[in-house]
Amino acid sequence: MRITLTSLMVDDQSKALRFYTEVLGFTKKHDIPVGEYRWITVTGAGRDDVELALEPNANPAGKAFQEAMFAQGIPLAAFEVSDIRAEFARLTSHGVAFTREPTPAGPVTIAVFSDTCGNLIQLYQRT
């Protein structure tokens, strides 16, 4: 068993697609109209074996969960990077708002930012 698809709720699919591709550097894999919403997935650069679906937070329970996790400062996803300080500098230069600057945390260094779509995202670098 392995993970090939996981989802993240977003408050605006178009804004999320722009942020995850133009700012974070993911690659769009699918963008298919499905009624009033879209089936949008992105992948890491050079990889298409794991997809992140940018799901609309139209479900009231999902939206309440997303808002509560954001208010509590809890990231809903974590992405590994090879140089967290360089990513922090790059993303900060693109206007990304960090709630936690790179901080050692045991065997990793972590940083947390807002994805502008209702989520906190954690970056981590193995040390």
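Numbers given for residues are sequential positions, taken from 1 along each chain in its written order. With pLDDT at 70 or above as the cut-off, local features in this predicted model cover only qualifying residues; side-chain atom pairs require 80 or more to be listed or tallied, and sums for whole chains, interfaces and linings still use all residues. Where side-chain values are given, they derive from all heavy atoms of the structure, hydrogens and water being excluded.

K.L.:
What exactly am I supposed to notice about the overall build of the protein here?
P.N.:
In terms of regular secondary structure, the protein is built from three helices and eight strands. Residue exposure (1.4 Å probe, protein chains only): buried if accessible area is under 20% of the type maximum, exposed if over 50%, otherwise partly exposed. Relative to its 127 residues, the protein shows a buried fraction of 35%. Should any heavy atoms of two residues lie within 4.5 Å, those residues are counted as being in contact. Long-range pairs, those at least 24 residues apart, make up 51% of the contacts in the protein between residues at least 6 apart in sequence. For accessible areas, the Shrake-Rupley method is used with a probe of radius 1.4 Å. Any residue's cover is judged against the shown protein chains and nothing else. Here the protein displays about 7300 Å² of accessible surface, and carbon together with sulfur accounts for 54% of that area. In this tally, Asp and Glu contribute negative charge and Lys and Arg positive charge; neither His nor the terminal groups of the chain are included. One atom stands in for each charge, and that atom is NZ of Lys, CZ of Arg, CG of Asp or CD of Glu. The protein carries 12 positive and 15 negative side-chain charges, and their two centres are separated by 2 Å. The secondary structure listing takes helices from DSSP runs of H or I that are at least 4 residues long and strands from runs of E that are at least 2 residues long, numbered from the N terminus.

K.L.:
How do you make sense of helix α3 (residues 84-93) when you look at a structure like this?
P.N.:
Owing to its 3.6 residues per turn, the α-helix aligns residues three or four sequence positions apart on the same side. Every buried residue belonging to α3 is among Ile-84, Phe-88 and Leu-91, and all of these are buried. With its buried residues spanning 75 degrees around the axis, α3 presents them on a single face. Along α3, exposed side chains directed more than 90 degrees from the buried face belong to Arg-85 and Ser-93. Here a polar contact means two N or O atoms within 3.5 Å. Within protein one must be a hydrogen donor candidate and the other an acceptor candidate, and residues neighboring in sequence count only if both atoms are side-chain atoms. Where α3 starts, the residue carrying a side-chain oxygen 3.3 Å from the main-chain nitrogen of Arg-85 turns out to be Asp-83. Where α3 ends, the next residue or the one after it, Gly-95, has phi of about 85 degrees, a positive value. Note that the arc is computed from the directions linking the helix axis to the C-beta atoms.

K.L.:
Would you mind going over the side chain of Gln-66 with me for this structure?
P.N.:
As for its placement among the helices and strands, Gln-66 is situated in helix α2 (residues 60-71). Overall, the relative accessible area of 2% leaves Gln-66 in the buried class. At a separation of 3.5 Å, a polar atom in the side chain of Gln-66 contacts the main-chain carbonyl oxygen of Gly-118. The residues touching Gln-66, leaving out its near neighbours within four places in the chain, are Met-9, Val-10, Asp-11, Asn-57, Leu-76, Cys-117, Gly-118 and Asn-119.

So far we have only geometry, and geometry alone does not tell us how the molecule works.
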